[in-house]
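Spelled out from the first residue to the last, the chains are:
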There are 2 protein chains.
Amino acid sequence: MDNNRKIITISRQYGSGGREIGQKLADRLGIPFYDNALIEKAAQESGLIPEFFEDTERHAGNSLLYALYRGAQADRFGTSLLSMEDNIYLAQSNVIRKVASEGPCVIIGRCSDYILSDMVNLVTVFIHADLEFRKERAVRIDGVDPAKAESVVLTKDKRRQNYYNFHADRKWGIAKNYNLCIDSGYCGIDCAVDIIYDYITKRR
Amino acid sequence: MDNNRKIITISRQYGSGGREIGQKLADRLGIPFYDNALIEKAAQESGLIPEFFEDTERHAGNSLLYALYRGAQADRFGTSLLSMEDNIYLAQSNVIRKVASEGPCVIIGRCSDYILSDMVNLVTVFIHADLEFRKERAVRIDGVDPAKAESVVLTKDKRRQNYYNFHADRKWGIAKNYNLCIDSGYCGIDCAVDIIYDYITKRR
């Protein structure tokens, strides 16, 4: 398989450097990089309309949401069973599928590994690190108050975990659900980029 | 830190090639390799006596077993609260700590990542793979009946998971508990060896 045709998703603990690793990896591979901000913006611009669901019934992972969506469409009383949060998730899923269908790229978070799990050229990565490494990055890069760094890091992770576990039918951070999981706190950001790059390109 | 001073533990799903990866990694690093068979043999030869517990009270991970062991020692009626399984685990832990204290090595399974978790030069790895990859290896390498391969693979994994979750105070296969988790089914055995070698030696 042409290694340049990979879709790479990166899930990550807050502060582990997953976003920076994804950006550097995309730069090295010469492919687009999509982070939360880009995906949210594109989803907003789409008007939150999940029209992509028309032909994605086969994607079993979203079967419950799909059923709700179809139910809402067919509802002759005009009310919807879908919450605003569901609609946002569907619109973001739409964006994620669209960019992945356009060619190789690196996508960060937003359940992208789960949403794209039926793609054969998918490589899924999970980045984590020890608490001290993540606190230091939260303070230095995101400007978090040092006194609140631990609480911020743990709360953000809890939100990410809840978001993933709610929308996917599997758990966040279980090793067997990813092709590669890396403790970036041990080896550093650039080493993690090297490891992912080698994993993709050295494939048997 | 001198990269030759690493203790590397490899946990693995059955059939994922973790043992072969560990052996090849040890050969490349020029350090000893300890698998289940070696650890079990050494534990049997030790007479199953967990005398090493005398000075390991600080190892909080085994505090309950330690308490039981001390209780059994102090029991004036001469009965023991420790089962044979507990004694075997303690004797194997003794062997694992002893070989790790002697110098760099690669150790496979037996909760070694957990038993050695207070060592600063520890690198923990988890190897997994898709079911088809593991079934094929079980048949080809271990001579498992192809008709029973799926059942054998899943049962062996269940046993490994139960063994780990019983003895350790954390769960088997959770990404954040390992420095590196690799899907060997995606990249192959030799690629996995390369990835671990690079992860250890390219450290920032």
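Not measured: the values here are computed from a predicted model.

Student: Help me out: how do you make sense of the pairing of strand β4 (residues 122–128) of chain A in this one?
Tutor: When a strand is regular, its side chains alternate between the sheet's two faces. Residues and elements named next belong to chain A. For β4, the buried fraction is high: 7 of the 7 residues fall into the buried class. In β4, alternate side chains face the same way, and those of Leu122, Thr124, Phe126 and His128 on one face and Val123, Val125 and Ile127 on the other are all buried. In this sheet, β4 lies alongside strand β1 (residues 7–12) in parallel orientation, the contact comprising 6 bridges. Looking at the pairing, isoleucine 8 lines up with valine 123 of β4. Alignment of β4 against strand β5 (residues 180–183), held across 4 bridges, turns out to be parallel. Note on β5: the bridge partner recorded for histidine 128 is aspartate 183.

Student: Please clarify how the layout of surface pockets should be interpreted in this entry.
Tutor: Each pocket or cavity is described by its volume, and for the largest pocket that value is around 640 Å³. Every residue lining the largest pocket is counted, 27 residues in all, and those nearest its centre are Arg12(B), Tyr14(B), Arg19(B), Asn36(B) and Arg160(B). Sorting the residues of the lining of the largest pocket by element identifies β1 (7–12), α1 (18–29), α2 (36–45), α6 (131–142) and α7 (149–167) of chain B as the ones contributing at least two each. When residues in the lining of the largest pocket are grouped by element, the largest group, 5 residues, is from α7(B). Partitioned by chemical class, the residues of the lining of the largest pocket number 9 nonpolar, 8 polar and 10 charged. Its boundaries defined by the atoms lining it, the second largest pocket holds a volume of some 510 Å³. Together, 22 residues line the second largest pocket, and Gln13(A), His128(A), Arg134(A), Ile174(B) and Lys176(B) are the ones closest to its centre. Elements supplying a minimum of two residues to the lining of the second largest pocket: β4, α6 (131–142) and α7 (149–167) of chain A. Broken down by element, the residue count for the lining of the second largest pocket peaks at 4 residues, all from α7(A). A breakdown of the residues in the lining of the second largest pocket according to their chemical character gives 9 nonpolar, 6 polar and 7 charged.

Student: Where do I start with the packing of helix α1 (residues 18–29) of chain A against helix α9 (residues 189–201) of chain A in this structure?
Tutor: Residue and element names in this part refer to chain A. The interhelical angle for the contact between α1 and α9, taken along N-to-C directions, is 50°, at an axis separation of 9 Å. Looking at the two axes, α1 sits oblique to α9. Crossing of α1 against α9: the hand is right-handed. For the pair α1 and α9, contact is made by Glu20, Ile21, Lys24, Leu25, Arg28 and Leu29 and by Ile189, Asp190, Ala192, Val193, Asp194, Ile196 and Tyr197, respectively.

Reading guide: rules and limits
Residues numbered from 1 in each chain as written. Chains lettered and ligands numbered in written order. Predicted model: local features only at pLDDT ≥ 70, side-chain atom pairs only at ≥ 80, totals over all residues. Heavy atoms only, no water. Buried < 20%, exposed > 50% of the residue type's maximum accessible area, 1.4 Å probe, protein only. Helix = DSSP H or I, 4+ residues; strand = E, 2+ residues; numbered from the N terminus. Pairing = 2+ DSSP bridges. 1 Å grid on protein atoms, 1.4 Å probe; cavity = no way out; pocket = protein on both sides within 12 Å on 5 of 7 lines; lining within 4 Å. Points joined across faces, edges and corners; volume = space filled by probe spheres on them. Nonpolar A, V, L, I, M, F, W, Y, C, P; charged D, E, K, R; others polar. Axes fitted to C-alpha atoms, helices over the stretch in contact; angles between N-to-C directions. Parallel < 35°, antiparallel > 145°, perpendicular 65-115°, else oblique. Left-handed = near helix turned anticlockwise from the far one by under 90°. Contact = heavy atoms within 4.5 Å.

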